[in-house]
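Coordinate inspection notes
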Amino acid sequence: FHLPPSTIIMKTAFVIEESKLIKNLGLLAKVQKEAGIEILVALKGMAFWHYFPLMKQYLSGACASSLNEVRLIFEEMNVKAHTYCPVFIEDDWDEICSMSSHITFNSLSQWEKFRDRIPQDISSALRINPAYSEVETDLYNPAQPGSRLGILAEQFPDELPDGLEGIHFHVLCEQDSYVLERVLKVVEEKFSAQLKQVKWINMGGGHHITRADYNVDHLIQLLKDFKSRYPHLKVILEPGEAVGWQTGYLQCNVEDIVENQGVKIAMLDVSFAAHMPDTLEMPYKPEIRGAGEAGEKQFEYRMGGSSCLAGDFYGDYSFDQELKPGDTIIFEDMIHYTMVKTTLFNGVKHPAIAKIDGEGKFVVLREIGYEEYKNRLS
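The paragraphs below set out a description of the structure included in this document.

We now examine the packing of aromatic side chains. For the coordinates displayed, the defined rule picks out 12 aromatic pairs. For the ring pair phenylalanine 48 and tyrosine 51, a centre distance of 5.9 Å and an interplane angle of 50° mean the geometry is tilted. Counting every residue linked through ring pairs, the aromatic cluster contains Phe88, Trp93, Phe105, Trp111 and Phe114. Against the face of tyrosine 317 rests lysine 285, its NZ or CZ located 4.6 Å from the ring centre. One residue, arginine 289, lies across the ring of tyrosine 249, its end atom 4.9 Å from the ring centre.

Next up, the structure:
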């Protein structure tokens, strides 16, 4: 399966490739500089904190959606977070404030609840819902009818309360700058009065900037044009996926081959439900290195996960050679979103976390074992 020559440890693991991460960060830094904006890494999509010091060299910081993410940013990147939570938990508030530079509220009622307890050095904002999105999967569409995320234009006051300095929206998911252009048109039509009253706008995540076919020049010009219309606004983007896009893989092993009514299933030592949940939720078909679509190559298999969940499988794929126990399977592009969503469901063994460093050396960073499983329960 054409593993890197340095990958001498055939260990089940999420493996990040440092050189590919640096390439992504370099492109994002170019956008940041040429467009005159700030780009943050969103932990909900990319929380590989081993590389936070590296990310800090290229980006303007990080954004969080929970106390734990805030703390991870503060401790491992040594910066204060841009924090948005769909709802702020009373018991977390003071600690979140101590490690945040910006806080965005999901509703006017949350703003009213906490406004008198916001430290003076924190810049506050409201999340808007433009009621427009081109995201087709409802699970990932923040602007679907009945959404709990953000404030609709008809609910938004024409004159913002004193103390609010920003506006935040997030309605993209794996989309390009042309979608952003159409979203911005709606935002400007519905919230032009409010845009004139604030100091910054956060355009959220979902910007697929590091994808090969993304038109980076169009994005830069789009942002420059927006800034020319609102020269008083600082513009912020917070992609997570674009940081981790195509920077690594999940390496696993075939443990058994079973057959049911003519379907051959390669039983793996990883779980789709526990370790690759987006494949079932989104859903999308992960690419396997060296494999083709069903019917493309001679030998066809479904991939079976290691948990007891009946739906813990994905397929079908075809291969040039028959699979057998001991073979290695490489699921491509498994660093962003996948890692942050893994669980210890069913107690199945969690993949290790590893990297291929700048010198091409395979390094295991962490093993996740029984104690992590036990300590989540009582």
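Structure's up, so let's keep going.
For the rest of this paragraph, the subject is the pairing of strand S1 (residues 13–17). Along a regular strand, successive side chains alternate from one face of the sheet to the other. Of all five residues making up S1, five are buried, and the element is well covered by its neighbours. Residues Ala13, Val15 and Glu17 of S1 are buried on one face, and the alternating residues Phe14 and Ile16, pointing to the opposite face, are buried as well. Relative to strand S18 (residues 352–356), S1 is paired through five bridges, and the arrangement is parallel. Note on S18: the bridge partner recorded for phenylalanine 14 is isoleucine 353.

Here the focus is a nonpolar patch on the surface. Taken together, the side chains of Leu280, Leu309 and Phe345 present a nonpolar region at the surface, about 240 Å² in accessible area. With respect to the secondary-structure elements, leucine 280 resides in helix H10 (residues 278–281).

With that out of the way, let us pick up helix H6 (residues 177–195). For H6, which comprises 19 residues, the first-to-last C-alpha distance of 20 Å sits more than 12% below the rise-based estimate of 27 Å (1.5 Å per residue). The largest bend in H6 comes to about 60°, at glutamate 189. The set of residues buried in H6 consists of Ser177, Val179, Leu180, Val183, Leu184, Val186, Val187, Glu188, Phe191, Gln194 and Leu195. In this structure, the buried side of H6 is in contact with strand S7 (123–129), strand S8 (151–152), strand S9 (164–168), strand S10 (200–202) and helix H7 (216–229). Measuring from the backbone nitrogen of tyrosine 178 back to the side-chain oxygen at the start of H6 gives 3.1 Å, which picks out aspartate 176 as the cap.

Moving on, we come to the pattern of salt bridges. A side chain of one charge can pair with a side chain of the opposite charge if their charged atoms are brought near each other. This structure, assessed with the given rule, holds 23 salt bridges. The shortest N-O distance in the salt bridge between lysine 297 and aspartate 320 comes to 3.3 Å. Of this pair, lysine 297 sits in the loop between strand S14 (292–293) and strand S15 (299–304) while aspartate 320 sits in the loop between strand S16 (313–319) and strand S17 (328–332), and the two are 23 residues apart along the sequence. Residue class for aspartate 320 comes out exposed when judged on its relative accessible area of 52%.

Moving on, we come to the environment of arginine 302. Inspection of the secondary structure assignment puts arginine 302 in strand S15. Arginine 302 sits 225 residues away from methionine 77 along the chain, and the two C-alpha atoms are 41 Å apart. Setting aside chain neighbours within four positions, we find arginine 302 in contact with Val263, Lys264, Ile265, Ala266, Phe313, Tyr314, Gly315 and Asp316. Looking at arginine 302, its side chain comes within polar contact range of the side chain of aspartate 316, at 2.8 Å.

Before going further, it helps to spend a moment on the nonpolar core. Counting residues in hydrophobic clusters, the biggest one holds 95 residues, and the most contacted among them are Phe169, Met203, Met303 and Phe331. The leading source of residues in this core is H6, at seven residues. By size, the runner-up hydrophobic cluster in this structure holds eight residues, among which are Ile330, Ala354, Ile356 and Phe362.

Bringing unusual backbone geometry into the picture now. The linkage connecting methionine 282 with the following residue, proline 283, adopts the cis geometry, with an omega of -20°. Inspection of the secondary structure puts proline 283 in the loop between H10 and S14. Along the chain, glycine 315 connects to aspartate 316 via a cis peptide bond; the corresponding omega equals 10°. Examined against the element boundaries, aspartate 316 turns out to sit in strand S16. In this model, aspartate 333 sits at a positive phi of 55°, which is unusual for a non-glycine residue. The phi dihedral of asparagine 346 falls on the positive side, at around 70°, and the residue is not glycine. Mapped onto the secondary structure, asparagine 346 falls in the loop between S17 and S18.

Among the structural elements, asparagine 253 can be located in strand S12 (residues 248–260). The exposure class of asparagine 253 is buried, given its relative accessible area of 15%. Each C-alpha atom, one on asparagine 253 and one on serine 107, is 47 Å from the other, the two residues being 146 residues apart in sequence. Among the polar contacts made by the side chain of asparagine 253, one reaches the side chain of threonine 12 at a distance of 3.2 Å.

Turning to the packing of helix H1 (residues 18–35) against H7, a few remarks are in order. At a minimum axis separation of 9 Å, H1 and H7 run at an interaxial angle of 30°. With respect to their mutual orientation, H1 and H7 come out roughly parallel. H7 is crossed by H1, and the crossing has right-handed handedness. Note on element contacts: H7 touches H1 through Val216, Leu219, Ile220, Leu223, Lys224 and Lys227, opposite Leu27, Lys30, Val31, Glu34 and Ala35.

Parameters and conventions
- Residues numbered from 1 in each chain as written.
- Predicted model: local features only at pLDDT ≥ 70, side-chain atom pairs only at ≥ 80, totals over all residues.
- Heavy atoms only, no water.
- Phe/Tyr/Trp six-rings, centres within 6.5 Å; stacked < 30°, edge-to-face > 60°.
- Lys NZ or Arg CZ within 6 Å of the ring centre and 35° of its normal.
- Buried < 20%, exposed > 50% of the residue type's maximum accessible area, 1.4 Å probe, protein only.
- Helix = DSSP H or I, 4+ residues; strand = E, 2+ residues; numbered from the N terminus.
- Pairing = 2+ DSSP bridges.
- Patch = residues over 30% accessible without salt bridge, like charges linked within 9 Å, V, L, I, M, F, W, Y side chains within 5 Å.
- Areas by Shrake-Rupley, 256 points an atom, 1.4 Å probe, with all protein chains shown as cover.
- Salt bridge = Lys/Arg side-chain N within 4 Å of Asp/Glu carboxyl O.
- Expected span 1.5 Å × (residues − 1).
- Bend = angle between axes of the 7 residues up to and from the residue.
- Contact = heavy atoms within 4.5 Å.
- Polar contact = N/O pair within 3.5 Å; in protein donor to acceptor, adjacent residues only side chain to side chain.
- Core = buried A, V, L, I, M, F, W, Y, C linked by side-chain atoms within 4.5 Å.
- Axes fitted to C-alpha atoms, helices over the stretch in contact; angles between N-to-C directions.
- Parallel < 35°, antiparallel > 145°, perpendicular 65-115°, else oblique.
- Left-handed = near helix turned anticlockwise from the far one by under 90°.

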